[in-house]
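Here's the letter readout for the chains.
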Amino acid sequence: MIKKIELTKKLIANSSSIFMCPICGSEMMINKFMSLFCRNRHNFDLSRQGYINMLLKQVKSDYDKKMFESRNMISKSGFFTPMLNLISNLILEETLKNKMVNSNILDAGCGEGSHLSRILMNLRENRSINFSGVGIDISKEGIRLASREYMNIIWCVADLSKIPLKNDQFDIVLNILSPANYGEFNRVLNNQGLLIKVVPGNNYLIELREILFKGTSKQFYLNNRVVQHFSDNFKIINKQPILYKVNLNNENIEHLIKMTPLVWNAEKEKLEEIIRTGIKNITVAFEVIVGKK
Ligand SMILES: C[S@@+](CC[C@H](N)C(=O)[O-])C[C@H]1O[C@@H](n2cnc3c(N)ncnc32)[C@H](O)[C@@H]1O
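A brief look at the structure comes next. (Residues numbered from 1 in each chain as written. Predicted model: local features only at pLDDT ≥ 70, side-chain atom pairs only at ≥ 80, totals over all residues. Heavy atoms only, no water.)

1. Thoughts on the sheet that holds strand β10 (residues 235-247)
Selection criterion: By this definition, two strands are paired if DSSP reports at least two bridges between them. For the purposes of this entry, the term helix denotes a DSSP run of H or I that reaches at least four residues, the term strand denotes a run of E that reaches at least two, and both are numbered from the N terminus. Residue contacts are defined here by distance: any two heavy atoms, one from each residue, within 4.5 Å place the two residues in contact. The axes are straight lines fitted to the C-alpha atoms, using for helices just the contacting stretch, and the angles between their N-to-C directions are given from 0 to 180°.
The strand order β4-β7-β6-β5-β8-β9-β11-β10 describes an open sheet built from eight strands, whose pairing is mixed. Of all the strands in the sheet, just β4 (52-53) and β10 have a single pairing partner and so form its edges. Running over the sheet, helix α4 (residues 114-123) touches β5 (102-108), β6 (130-137), β7 (154-157) and β8 (170-176) and is turned about 175 degrees from β6.

2. Quick look at the packing of helix α3 (residues 81-97) against α4
Defined as follows: When describing relative orientation, an angle under 35 degrees is termed roughly parallel and one over 145 degrees roughly antiparallel, while 65 to 115 degrees is termed roughly perpendicular and anything else oblique. In this scheme, a crossing is called left-handed if the near helix is turned counterclockwise away from the far one by less than a right angle; it is called right-handed if the turn is clockwise. Amino acids are sorted into nonpolar (Ala, Val, Leu, Ile, Met, Phe, Trp, Tyr, Cys and Pro), charged (Asp, Glu, Lys and Arg) and polar (every other residue, Gly among them).
It is the contact of α3 with α4, at a shortest axis distance of 9 Å, that shows an interaxial angle of 50 degrees. Here α3 lies oblique to α4, going by the angle between them. For the element pair α3 and α4, the recorded crossing hand is right-handed. Between α3, through L84, N85, I87, S88, I91 and L92, and α4, the contact on the second element is made entirely by H115, R118, I119, N122 and L123. Residues of the contact of α3 with α4, tallied by class, amount to six nonpolar, four polar and one charged.

3. Details of the sheet that holds strand β1 (residues 29-30)
To summarise the sheet geometry, strands pair through backbone hydrogen bonds and adopt either a parallel or an antiparallel arrangement. One open sheet accounts for three strands, arranged β1-β2-β3; its pairing is antiparallel. Every other strand in the sheet has two partners, leaving β1 and β3 (43-45) as the edge strands with one partner each. Here strand β2 (residues 35-37) runs beside β3; their pairing, made up of three bridges, is antiparallel. The residue of β3 that forms the bridge with F37 is N43.

Given below as structure tokens:
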């Protein structure tokens, strides 16, 4: 059986032309040691785990290994499945409508990679179209987990405000619950491409917020400014709300608390109380916004 790392090497070697040097902007090639390099001798190695680190300076992220592991567990429990199915259907519809045989998808701010992996798994059921995926995130911990768990996708540590990928390469850019850089999304998307952004709906995890932040401004969330910022940069062609309830067992309540930035400023005692008593049903609410250049 071919080793996982060999398959990753092959995938990256076949795709080296999509990269752009994050230092000087020139084309990148790959050498026999599996390093990406440009004509100005800027060099980025493929890690033993099978990802490429193209960050110029390592950043200290608020998202640590434990957080990504919990996010991965929650994702595997099916928590995000309705949202991921909706996105897969939107992409498939668009691809079929345009009679495409290849479709390149970038997930910008992919975290631990489970969303891109699930979406590609859904899409690859359709064997007449060749879907390929690249996931980038500024967190090495997130990308390391992604490359360990999910094959047949290029994983890259990179800053989405300086994407090390060439112009007009992608048919789809995904930006799920992550910060955006619309200038960069515009640059890497081709003219027909779609930007699909997921933002929390106003009632996302409302039960958690009611317990943690009752009586403060944090109890409520409005996504209107984020949506406005999107529409200032891309033409919104579709906006779909998603709302459902999820039943969480005690183990998953703990993972939910560990995975969400929402709890970063919460009181420790309140978090412990939630873990002790549990929350029966939790509201999951997203808005999936689709835009064009
Ligand atoms: C709430 S997490 C969402 C991750 C994933 N999309 C998900 O839904 O599970 C936000 C992600 O944005 C990433 N991020 C924040 N700033 C970034 C930047 N400048 N470039 C790339 N990724 C960034 C974080 O590392 C983190 O993985």
